Amino acid sequence: MKPLEILGCRLDPIDADEATARVLDLARSGSGAQIVTLGTEMVVYAQRDPRFRAIVNAAALSLCDTVGLLAVARRRGAPLRERVAGVELIERLCATAAKQGLPVYFFGGSEGVADASAAILRARYPDLIVAGTRSGYFRDDEAQAIAAAIARSNARLLFVGLGSPRQEYWLAEHLRETGCGAGIGIGGSFDVISGRIARAPQPVRRLGLEWLYRLVKEPRRWRRQLALPRFVWLVALDELGIRRAHKGAVGS
């Protein structure tokens, strides 16, 4: 199926199996292919940031990471059964990368979180080659040195957990310098994998209420959650022709 355009942002309506296969193919043979795990908050942010919107639309893949986007994609005919959640995608990618001998790099999170995530995944997949890890705390003038260090590690797949939009900007500017075939922004997934933040129980996730669980656990996130009703409102206005979203270059 061709990409969808939701409020001016490209969305590739593919499931987790296809996403895993395509990301790993890019990691093996690509040259700086950026993958976006797109969420409703990111789409809302893109309405006021044309540079960010351009990054999303230029990405090699833009994956459906939230229930809001999933609902709109289904409404527009996409045969998606579930979202491509970042945590599960990392698990899938590491499981297959371990079998294929594909080196991966973990970059982001607070001090020790990337290390802990890498150690947990290596314990689950003993053949996983962890090329390196680094926290997400750095000065702007250190960005090129970080990219150079990743390049020296010979990693082919790069996980970047700096939060959005910072991780998308960093990948757009520095991914090619790392020498990685593919780089993917994964938000706060390291916090979940490392156990720093508890994930919602499976029944809650099936109901699409993981966002509510996180809000209850972390009330300080309430401002971020305002993006969901705003997203619904903008989609409604767009579909009614009352307010047209910013249009982006959406490829095939």
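Residues numbered from 1 in each chain as written. Predicted model: local features only at pLDDT ≥ 70, side-chain atom pairs only at ≥ 80, totals over all residues. Heavy atoms only, no water.

Draft legend 1. Fine view of the pattern of salt bridges. Tallied over the entire structure, the rule returns 12 salt bridges. Where Asp12 meets Arg10, a salt bridge forms, and the shortest distance between an N and an O atom there is 2.8 Å. You'll find Asp12 and Arg10 in the same group, each marked buried. Note that Glu239 and Arg76 form a salt bridge whose closest N and O atoms lie 3.2 Å from each other. Taken together, the residues span a long stretch of sequence, with Glu239 in helix α13 (residues 227-240) and Arg76 in the loop between α4 (67-75) and α5 (86-100) at a distance of 163 residues. Through salt bridges that share partners, Arg75, Arg76 and Glu239 make up one connected network. (Salt bridge = Lys/Arg side-chain N within 4 Å of Asp/Glu carboxyl O. Buried < 20%, exposed > 50% of the residue type's maximum accessible area, 1.4 Å probe, protein only. Helix = DSSP H or I, 4+ residues; strand = E, 2+ residues; numbered from the N terminus.)

Draft legend 2. Broad picture of the packing of aromatic side chains. Under the defined criterion, the tally for this structure stands at six aromatic pairs. Taken together through their ring pairs, the aromatic side chains of Tyr45, Phe52 and Tyr169 make up a single cluster. Arg166 extends its terminal NZ or CZ atom over the ring of Phe138, reaching a point 4.3 Å from the ring centre. (Phe/Tyr/Trp six-rings, centres within 6.5 Å; stacked < 30°, edge-to-face > 60°. Lys NZ or Arg CZ within 6 Å of the ring centre and 35° of its normal.)

Draft legend 3. Focus on helix α6 (residues 113-124). The end-to-end C-alpha distance of α6, which contains 12 residues, comes to 17 Å, matching closely the 16 Å that a straight helix rising 1.5 Å per residue would cover. Buried within α6 we find Val113, Ala114, Ser117, Ala118 and Leu121. Buried residues in α6, looked at end-on, bunch into an arc of 130°, giving them a common side. Looking at the packing, one finds that the buried side of α6 touches α5, β5 (104-108), β6 (130-134) and α9 (189-193). (Expected span 1.5 Å × (residues − 1). Arc of directions from axis to C-beta. Contact = heavy atoms within 4.5 Å.)

Draft legend 4. Seen up close, the pairing of β5. The element β5 is extensively covered by neighbouring structure, given that five of its five residues are classed as buried. As paired elements, β5 and strand β7 (residues 157-161) share five bridges and run parallel to each other. Pairing of Gly108 across the sheet is with Gly161, part of β7. (Pairing = 2+ DSSP bridges.)

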